[in-house]
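Descriptive analysis of the structure
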Protein chains: 2
Amino acid sequence: MDKAIGVIDSGVGGLTVVHELMRQLPKEQLIYLGDTARCPYGPRSKEEVQQFTWEMVDFLLTKNIKMLVVACNTATAFTLKDLKEQLDIPVIGVIQPGARAAIKSTTNNQVGVIGTEGTISSGAYSQALAKIKSNIQVSGLACPPFVPMVERGVLSGSEAKTVVTEALRPFSSNKKMDTLILGCTHYPLLKSTIQEVMGEEVTVISSSEETARETSTLLDVHQIMNRSDLVPLHQFYTTGDLEIFIEIAKTVFQESHFQMLTIKQANISTNKVW
Amino acid sequence: MDKAIGVIDSGVGGLTVVHELMRQLPKEQLIYLGDTARCPYGPRSKEEVQQFTWEMVDFLLTKNIKMLVVACNTATAFTLKDLKEQLDIPVIGVIQPGARAAIKSTTNNQVGVIGTEGTISSGAYSQALAKIKSNIQVSGLACPPFVPMVERGVLSGSEAKTVVTEALRPFSSNKKMDTLILGCTHYPLLKSTIQEVMGEEVTVISSSEETARETSTLLDVHQIMNRSDLVPLHQFYTTGDLEIFIEIAKTVFQESHFQMLTIKQANISTNKVW
């Protein structure tokens, strides 16, 4: 089994999933596509997100991937069901792993979720949680400024602190919440700031880390784990600006990981895939 | 899908898995069989463990289970591969989930594993870890006194502290180890003592908690999650002493959970299953 795992995201957020995949599954080769040119997906309509996601998937299918990781919460919320039904390779999204980790973590069943407008208004986390455990109280909060800020490369410092504090204000009065799900793969890039604002007593769940672990489980279940000990060479594609993508990738990956990847520009559209 | 999940163990250790299954998958009905009469499995031969495990599985198959959780590390080490090949329901063991959690947790790739003689000498954890990540340094240590002590109901206090301190002495000089896998489902019942002896800086991984989470993943993948919101009534069987089993179950489960289960005695043998 020497095929690669395909990873898609609306932009650079999915790199946090990739970072964890590299760490937790170092033998696996990854092919990543970030639709930076059309990011953010959060405020887009369901139909638009579905169309863009399928265009990304079609691009990766030409690379002969063995499994697909939808490393974007908005895309997961709107397309996971269809993708699972229509693709003949295993597909994993970021919502169910995050929900499961929150269920394991919470001791008082008071869980918060932050994400894009699309993810929060879809109710995808509430549904995923309720499907498994009925008595979980879920508070959802959309944080629209986070993704554009991360895509500009602002990950910490006073601007980040101010924006995060302001966005999370509605949660500051909820003293009971013991677990907060980062329901957008861009948000782990702001994790230390978010943890600081929420306080030590709240467990912050990164759906990126959890998705990497479940990817490992699925490779096992489907018996498609890579057995070679060769160092894999990863391929990264962005539909947008190459330079800023490389800058952010350098922030996400350690030097040793960064050397293992090539970054290229990709053009995707409904009619044109290469 | 209103069938139950079957759980087997050599004795009461698997109750720690059940406790987590109840907490993380409260809609699922469980049928548990503990082979207390023939516990511990640790010092037994591979052939004997395989025979006993199949006798337990045959008993649970008569209960029409939809999935099997092998909540015993020794049985997982010696029979998981066969069970997966020969049963037409999903099967999960406790070793892979523990290994995956350790890979996620460790930052310096120095991992310790404690378990029964059978589990440690089988090298099952080293293999599971190496399959995913080649550069993990694994130190294994068999702790034979733990299981009989737990089966007697000694879970804390001075006897437990003395026995645990003595058994873990070989690890006291390994200052680099940052993660310790409890590679036996009896050991989470001694977790606080083990954590105290190992020190705060070591992350102690309970394969029980992780197995419950991966069970959730597998129910999802196979689309056999229970959709009813009715409170499930669990069934517990022991091949050994009913009173001591009930005593230990009371320690493991909170009052509210304990009320949700019935405990019965079971006789299993190669020729006689009911």
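None of these values were measured; they are calculated from a predicted model. (Residues numbered from 1 in each chain as written. Chains lettered and ligands numbered in written order. Predicted model: local features only at pLDDT ≥ 70, side-chain atom pairs only at ≥ 80, totals over all residues. Heavy atoms only, no water.)

A few words now on the UniProt feature "active site" (unreviewed entry) in chain A. Residue and element names in this part refer to chain A. Cross-referencing UniProt, the feature "active site" (unreviewed entry) maps to C72 and C184 in the present numbering. These annotated residues cover 113 residues of sequence, and their C-alpha atoms all fall within 6.5 Å of one another, placing them together at a single site. Of the annotated positions named here, the largest cavity is lined by C72 and C184. For C72, the position within the fold is in the loop between β3 (67–70) and α3 (73–86). Given a relative accessible area of 5%, C72 falls into the buried group. The residues contacting C72, other than those within four sequence positions of it, are I8, D9, S10, Y41, V94 and T185. Along the chain, the position of C184 falls in the loop between β7 (179–182) and α9 (191–198). When residues no more than four places from it in sequence are discounted, the contact partners of C184 are N73, I114, G115, T116 and V147. (UniProt positions renumbered as here; feature names shortened; annotations may be inferred. 1 Å grid on protein atoms, 1.4 Å probe; cavity = no way out; pocket = protein on both sides within 12 Å on 5 of 7 lines; lining within 4 Å. Helix = DSSP H or I, 4+ residues; strand = E, 2+ residues; numbered from the N terminus. Buried < 20%, exposed > 50% of the residue type's maximum accessible area, 1.4 Å probe, protein only. Contact = heavy atoms within 4.5 Å.)

A few words on the confidence of the model for chain A. Residues and elements named next belong to chain A. Taken residue by residue, chain A gives an average pLDDT of 91. The fraction at 70 or more is 95%. Counted against residues more than four places away or in other chains, residues 270–274, with its pLDDT under 50, gives 8 contacts. The ipTM value of the predicted complex is 0.80, and its pTM value is 0.86. (pLDDT = per-residue confidence, 0-100.)

Here the focus is the relation of the copies chain B and chain A. Superposition of chain B onto chain A requires a rotation of 180° combined with a translation of 0.0 Å along the rotation axis, giving an RMSD of 0.0 Å. Expressed as an axis order, the relation between the two copies is that of a two-fold axis. Looking at the interface residues of chain B, 100% of them are also at the interface in chain A, so both copies use one shared face. (Least-squares fit on C-alpha atoms with pLDDT ≥ 70 in both.)

Here we come to helix α6 (residues 124–132) of chain A. One full turn of an α-helix is made of 3.6 residues, so residues set three or four places apart face in the same direction. Within α6(A) the residues assigned to the buried category are A:A124, A:Y125, A:A128, A:L129 and A:I132. All buried residues of α6(A) fall inside an arc of 130° around its axis, so they share one side. (Arc of directions from axis to C-beta.)

Here the focus is the nonpolar core. B:L15, B:I114, B:F146, B:Y187, B:I194, B:F236 and B:F253 are the most contacted members of the largest nonpolar core, which has 70 residues in total. Other than its neighbours up to four places away in sequence, B:F236 contacts B:L15, B:V18, B:M22, B:Y32, B:F245, B:F253, B:L261, B:T262, B:I263 and B:K264. A:V17, A:C184, B:A124 and B:A128 belong to the second largest nonpolar core, which has 68 residues in total. (Core = buried A, V, L, I, M, F, W, Y, C linked by side-chain atoms within 4.5 Å.)

A few words now on the sheet that holds strand β10 (residues 261–265) of chain A. Residues and elements named next belong to chain A. Taken together, the 6 strands give an open sheet; going across it, the order is β4-β3-β1-β2-β9-β10, and neighbouring strands pair in parallel fashion. Of all strands in the sheet, those with a lone pairing partner are β4 (91–92) and β10, marking the two edges. As paired elements, strand β1 (residues 5–9) and strand β2 (residues 30–34) share 5 bridges and run parallel to each other. Among the inter-strand pairings, D9 is bridged to a residue of β2, identified as G34. The sheet contacts of helix α2 (residues 46–61) involve β1, β2, β3 and β9 (234–238), and relative to β1 the element is tilted by about 155°. (Pairing = 2+ DSSP bridges. Axes fitted to C-alpha atoms, helices over the stretch in contact; angles between N-to-C directions.)

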